[in-house]
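Commentary on secondary and tertiary structure
Take a look at the letters that make up each chain.
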Amino acid sequence: MDTGVYPRKKEIKVIIMIERTLVLIKSDGVLRGIVGEVIRRFENAGMKIVGMKMVWVNKKFAEEHYKIHSKKQFFKTLVNYITEGPVVATVIEGVHAVDNVRKIVGSTSPSDAAPGTIRGDYSHMSMAHADKNKKAGKNIIHASDKSQTAKKEIALWFDKKELHTYKTVHEKHVF
Ligand code: UDP
Ligand code: MG
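Attention here is on the structure that accompanies the text. (Residues numbered from 1 in each chain as written. Chains lettered and ligands numbered in written order. Predicted model: local features only at pLDDT ≥ 70, side-chain atom pairs only at ≥ 80, totals over all residues.)

Considering unusual backbone geometry
Within the chain, Lys134 stands out as a residue other than glycine whose phi angle is a positive 50°. Along the polypeptide, Lys134 turns up in the loop between α7 (127-132) and β4 (141-143). Of the residues examined, Lys134 has 10 C-beta atoms within 10 Å and is grouped as exposed. The phi angle at Ile140 is positive, at roughly 70°, despite the residue not being glycine. Tracing the sequence through the fold places Ile140 in the loop between α7 and β4. Note on Ile140: 25 C-beta atoms within 10 Å, which makes it buried. (Helix = DSSP H or I, 4+ residues; strand = E, 2+ residues; numbered from the N terminus. Buried ≥ 20, exposed ≤ 12 C-beta atoms within 10 Å, placed from the backbone.)

Written as structure tokens, this is what we have:
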């Protein structure tokens with residue numbers, strides 16, 4: 001019989017993983033004027049913006065950020081893509097923020113990204129199409145892929161004093 005009461009152990013040890021992750025609204029997102037739309041998704045999910053700025057990075061900085069891809073055939077177009085206009089760099093804080101942000105962002109190739117995700121809702125091209133036309137795979141947003149990567153990327157993009165610790169109204173008045 002379904003009593004509607006979910007079984008609970010007497011003691012549940014919950015590890016709350018508050019993390020910070022780097023999110024970049026890449027040049028196509030800025031040039032298309034959808035910065036607000038993109039940021040809203042994270043705020044709607046209850047995550048917190050703890051750092052935010054607009055930066056137009058040079059090639060050297062872009063190469064450092066994407067150095068893990070330096071041997072890939074798309075490296076040059078990727079560096080050109082991220083430097084063709086300013087990007088909005090943010091640090092998002094939340095529970096399991098790295099994975100949760102990636103979930104909201106969607107798959108790398110817009111053609112695979114599910115509707116409801118940022119990449120799925122605001123882009124549609126495939127990486128194969130981009131490659132064939134010698135174009136970058138424009139997919140609006142970058143988000144750190146692992147906790148360790150997030151730490152490194154945040155340190156690259158932000159000074160400590162640019163990151164803020166504060167309580168949202170929910171934290172202040174509800175919890
Ligand atoms: N990219 C590309 N062609 C590819 C694969 C990736 O132009 O075949 C670009 C795309 O913009 C992607 C970025 O390179 O977001 C970094 O690739 P990664 O595999 O790290 O994807 P992400 O972590 O951004 O989902
Ligand atoms: Mg990546």
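After that view of the structure, there is still more to cover.
Considering the sheet that holds strand β1 (residues 18-25)
What links the strands of a sheet is backbone hydrogen bonding, and the strands pair in either a parallel or an antiparallel sense. The strand order across the open sheet formed by four strands is β2-β3-β1-β4, and the pairing between neighbours is antiparallel. Of all the strands in the sheet, just β2 (48-55) and β4 have a single pairing partner and so form its edges. Strand-to-strand twist of the sheet, defined as the mean angle between neighbouring strand axes without regard to direction, takes the value 20°. Here β2 pairs with strand β3 (residues 87-95) via seven bridges, running antiparallel. Bridged to Ile49 within β3 is Ile92. Helix α8 (residues 147-157) contacts β1 and β3 of the sheet and is inclined by roughly 60° relative to β1. (Pairing = 2+ DSSP bridges. Axes fitted to C-alpha atoms, helices over the stretch in contact; angles between N-to-C directions. Contact = placed C-beta atoms within 7 Å.)

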